[in-house]
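# A structural walkthrough
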Amino acid sequence: MWVFIKGIASECSARDLSKLVKRHAKLGWSLFSPKVIDIERSKVLKIMYCASTHWEYHGLVYITHPDLVHGLIGRLNAARVQGKHLHAHPYVRRHSSRDRRRLILDQSTTFPGERRKSDRRRGSLVSQIVDSIS
């Protein structure tokens, strides 16, 4: 399962990102050894909103055990790195063919309450993969 992490430093590499996630995955107070989180892939993304011309750095981490992901996301959301809070959530790919509203209605008619065009998405984004580990 992919985990999207907002708020990483601009100097962070894919190796640093996987070390950061592994460090926050451990429970320091536990007497029992928890399952080890395997990270298959990690990527550092550089995203710019064209209206502001400001680069944002985000991380994508693929974790093999989906049952451990929600606990890890909670620990990452509570973490601070270099004075900044991290924000993590499961990454879900959106595609127009997966829209359930289109299954109900005919393709020729549009849904009268269409909000998806203005729903949480910024219009003009430019993204680049800065570093990745496969």
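Residue numbers here run from 1 along each chain, matching the order of that chain's written sequence. Two thresholds apply to this predicted model, a pLDDT of at least 70 for residue-level local features and 80 or more for giving and counting side-chain atom pairs, whereas whole-chain, interface and lining totals are computed over all residues. Calculated side-chain values reflect all of the structure's heavy atoms, with hydrogen atoms and water omitted.

### A word on the sheet that holds strand β2 (residues 39-49)
With antiparallel pairing, the five strands of this open sheet are ordered in space as β6-β1-β3-β2-β7. Each of the sheet's edge strands pairs with one partner strand only, and the pair in question is β6 (87-90) and β7 (125-133). Across the sheet, the axes of successive neighbouring strands diverge by a mean angle of 25°, strand direction being ignored. Two strands are said to pair when DSSP picks up at least two bridges between them. For the purposes of this entry, the term helix denotes a DSSP run of H or I that reaches at least four residues, the term strand denotes a run of E that reaches at least two, and both are numbered from the N terminus. Relative to β7, β2 runs antiparallel, the two being bridged by eight bridges. Each axis is a line fitted through C-alpha atoms, and for a helix only the stretch in contact is used; angles between axes span 0 to 180 degrees, taken between their N-to-C directions.

### With respect to helix α2 (residues 69-77)
The classification of residues rests on relative accessible area computed with a 1.4 Å probe and restricted to protein chains. Under 20% of the type maximum is buried, over 50% is exposed, and intermediate values are partly exposed. Those residues of α2 that sit buried are V69, L72, I73 and L76. Angular distribution of buried residues about the axis of α2 spans 100°; they occupy a single face of the element. In this description, the arc belongs to the directions extending from the helix axis to the C-beta atoms.

### So, unusual backbone geometry
For Q82, which is not glycine, the phi torsion reads 55° and is therefore positive. Of note, Q82 is situated in the loop between β4 (80-81) and β5 (84-85).

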